[in-house]
Amino acid sequence: MIGKLNNKGITLEKMLNTALELYIGEDAEKVREQLRGIMTHYLNDINIQALLTAALLLEENFKVEGDPVSLMADELIGIDIAEYIGGKKALFNFFYYDTKKPGILKELPPFLDDAIGGFIAGCMTKVFEIISSGTSSEGRERGV
C-alpha cells in the first residue's frame, strides 16, 4: 500500500509530519515514533488497504471539479477509516484534520485528502490512547 501512496506523493514521512503539525503536547519525537509504528501496522491491514485503494481508484476514475459540497462519499471513506482504527473518538480527530487541512492534506484531491485525513486521525487517536494508558504501541496493537 505504501508504494501506491508513494506514487501519489503520499509518503509515510509526509503523513507523520502532517499528523504532528496539529499535535499539542510534549515529547513530539516519542509520539512520532509511536505513530510510525501504528501507521505501519495499519498500512498492512487489509481493510485499510481496501479503503485507501478505493480512494485512489475514485481519484483516477471519478472526476469532479474541486470538492463540491454535495460530494459526501469522500467524507464517508475518511470517517470509515478513522473509526475503524480509532473508534468513535477518532471521528472528532477526523473533523479536526479535515477542517484544518494541515500538511499534505491541503495538497490532495477530494477522495485522498479525506482518506489520508481519516487514516492520520485514526492513528493519532491510537497514540492518544497509548499516552493516556501508558501502554507501549506494540503491546497495544497486539491487545496487551
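Residue positions are given per chain, counting from 1 as you read along its sequence in written order. Residues qualify for local features only when their pLDDT is at least 70, as the model is predicted, and side-chain atom pairs are given and counted only at 80 or more; totals for whole chains, interfaces and linings, by contrast, use all residues. Water and hydrogen atoms were dropped before computing side-chain values, which therefore reflect all heavy atoms in the structure.

1. Some thoughts on the overall build of the chain
Inclusion rule: Strands here mean DSSP runs of E at least two residues long; helices mean DSSP runs of H or I at least four residues long; both are numbered from the N terminus. Using C-alpha atoms as the atom set, the radius of gyration is obtained and then compared with a globule rule of 2.2 Å times the number of residues to the power 0.38. Note on exposure labels: buried denotes an accessible area under 20% of the residue type's maximum, exposed denotes more than 50%, and partly exposed covers the range between, all computed with a 1.4 Å probe on protein chains only. Here the accessible surface of atoms and residues is derived via Shrake-Rupley with a 1.4 Å probe, and residues count as covered only by protein chains that are part of the display. When charges are counted, Lys and Arg are positive and Asp and Glu negative, with His and the chain ends excluded. Lys charges are placed at NZ, Arg charges at CZ, Asp charges at CG and Glu charges at CD.
Along the chain, the regular secondary structure elements total eight helices and zero strands. Start at the N end of the chain and walk to the C end: the helices and strands fall as α-α-α-α-α-α-α-α. For the chain, whose C-alpha radius of gyration is 14 Å, the value lies close to the compact-globule estimate of 15 Å for 144 residues. If you line up the chain on its principal axes, its C-alpha atoms span 45 × 30 × 25 Å. The buried share among the 144 residues of the chain stands at 47%. Accessible area of the chain: about 7,500 Å², with a carbon and sulfur share of 56%. Here the chain contributes 15 positively and 22 negatively charged side chains, and the mean placements of these two sets differ by 3 Å.

2. As for the pattern of salt bridges
Worth spelling out the cut-off: Salt bridges are defined as contacts in which a side-chain nitrogen from Lys or Arg sits within 4 Å of a carboxyl oxygen from Asp or Glu.
One pass over the full model with this rule turns up eight salt bridges. Here lysine 88 makes a salt bridge to glutamate 83, at a shortest N to O gap of 3.1 Å. Since its relative accessible area comes to 22%, glutamate 83 is described here as partly exposed. In this structure, the salt-bridge partner of aspartate 98 is lysine 101, at a minimum N-O distance of 2.6 Å. For lysine 101, a relative accessible area of 22% gives the class partly exposed. One network of salt bridges, with partners in common, ties together Glu13, Arg32, Glu33 and Arg36.

3. Quick word on the environment of isoleucine 2
The criterion, for reference: Should any heavy atoms of two residues lie within 4.5 Å, those residues are counted as being in contact.
You can see isoleucine 2 is positioned in helix H1 (residues 2–7). Exposure remark for isoleucine 2: the relative accessible area of 32% places this residue in the partly exposed category. Sequence spacing of isoleucine 2 and glutamine 49 is 47 residues, and the spatial spacing of their C-alpha atoms is 9.3 Å. Contacts of isoleucine 2, omitting those with residues within four sequence positions, involve Ile10, Leu12, Met15 and Leu43.

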